[in-house]
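Here are the chains, one letter per residue:
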Amino acid sequence: MDTINVITWNLGYSGLGRGSDFFADGGRSWLPPGPGTTRESADAIAAWLGGSDADIILTQENARASVVNYWTDLKGRTDRALARYRGEFHADFRTRYLPPPLRISNGMATYVRDGRVRSEIWPMPSDGDPYDGLIRRRYGALATYVDGPGGCWVMVNVHTSAFDEGGALRKRQVATLLERAEAAQARGYRVVMGGDFNLRLVATGFPHTTEDEYLSWIHDFDPAVLPEGWRVVADGATPSVRTNERAYRPGENYTTVIDGFIVSPGVDVVSVAGVDLGFRHSDHQPVRARFRPAEDLPQARCEG
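It should be emphasised that the depicted structure is a prediction, and the values quoted were computed from it without experimental measurement. (Residues numbered from 1 in each chain as written. Predicted model: local features only at pLDDT ≥ 70, side-chain atom pairs only at ≥ 80, totals over all residues. Heavy atoms only, no water.)

For the rest of this paragraph, the subject is the side chain of S41. Mapping S41 onto the fold places it in helix α1 (residues 35–50). Side-chain polar atoms of S41 contact the side chain of H281, separated by 3.3 Å. When near neighbours in sequence (up to four residues on either side) are disregarded, S41 contacts S14, R280 and H281. (Helix = DSSP H or I, 4+ residues; strand = E, 2+ residues; numbered from the N terminus. Polar contact = N/O pair within 3.5 Å; in protein donor to acceptor, adjacent residues only side chain to side chain. Contact = heavy atoms within 4.5 Å.)

Written out as structure tokens, the structure reads:
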């Protein structure tokens, strides 16, 4: 293997398919249209991931069964579809104090086909988080060390805040992760940060009729925060997210690109492409990328 094929996808807990709107984005609904839609989405998501043939899969808003998806176990389905992979899960969105069946456990799951050495959580700032009380965000990126082509790769599964005032928290979260990632790169590791950054990674101009009042959460990624030699890798031709103020209708909902990758020096980009699934089963769409090691770094091995 001389390249690594990576997919990132925010799965929308199988509750944000094309027929859904959501109150936090200006819609009216707290729950999906019905259990039939969540089961259909979960089955389709798992089948697509299982057939993707990726080396590493980074998922966000992967979810256990709970009220928000009509007790559909999305994570159980993805685990079974990816049984050949080693998986790690970090529940970064979950309830406190509530017993089943009211308990919610959503988060990021990373699946590695070969070469996984270990995983750890890289903490992110949480002050300024709008969630409190019974529901808490446990912000942290899921970093997985993988022995791959050219030595050790650190695959960092990222999901930042979405509704913080002015995007200030999510920008500080990215800056904090970059400090940790730069330290890993200094040890000879190749670093790929992938996921839902909740920041517009590239300029887009897809047609839409969404009113400005529903776009207050949209903020741009600031390339000035990148250390020298680091870069954003995203597909500006295929939208990766839609707004949820209404059910999805092409050309009406605002769409843009907030899902993609940030890569360190020592990582060459072979390709990157969004996958247009018509937002059928999630309010995000997958992004595929293929990376290979550049020749200007030593082949450092992962430490166990």
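What follows concerns the sheet that holds strand β5 (residues 116–123). Spatially, β5-β7-β8-β9-β13-β10 is the arrangement adopted by the 6 strands of the open sheet, whose pairing is mixed. Each edge of the open sheet is held by one strand with a lone partner, namely β5 and β10 (231–233). For this sheet, the mean angle separating the axes of adjacent strands, direction not counted, is 25°. Here β10 pairs with strand β13 (residues 259–263) via 3 bridges, running antiparallel. Residue pairing in the sheet places R231 in a bridge with V263 of β13. Along the sheet, helix α3 (residues 168–186) makes contact with β5, β7 (140–148), β8 (151–159), β9 (190–196) and β13, crossing β5 at roughly 145°. (Pairing = 2+ DSSP bridges. Axes fitted to C-alpha atoms, helices over the stretch in contact; angles between N-to-C directions.)

The next thing to look at is the packing of aromatic side chains. Scanning the entire structure with this criterion turns up 6 aromatic pairs. Where F261 meets F291, the ring centres are 5.5 Å apart and the plane angle is 80°; that geometry is what we call edge-to-face. Here F261 is found in strand β13, whereas its partner F291 is found in strand β15 (residues 287–293), with 30 residues between them in sequence. Among the aromatic residues, ring-to-ring pairing joins F22, F23 and W30 into one connected group. Lying over the aromatic face of F89, R64 brings its terminal NZ or CZ to 6.0 Å of the ring centre. (Phe/Tyr/Trp six-rings, centres within 6.5 Å; stacked < 30°, edge-to-face > 60°. Lys NZ or Arg CZ within 6 Å of the ring centre and 35° of its normal.)

All right, on to the packing of α1 against helix α2 (residues 74–81) then. Relative orientation of the contacting elements α1 and α2 amounts to 25°, with a least axis distance of 8 Å. One element, α1, and the other, α2, form an angle in the roughly parallel class. Seen from above, α1 lies across α2 with right-handed handedness. For the pair α1 and α2, contact is made by R39, A42, D43, I45, A46, L49 and G50 and by L74, R77, T78 and A81, respectively. (Parallel < 35°, antiparallel > 145°, perpendicular 65-115°, else oblique. Left-handed = near helix turned anticlockwise from the far one by under 90°.)

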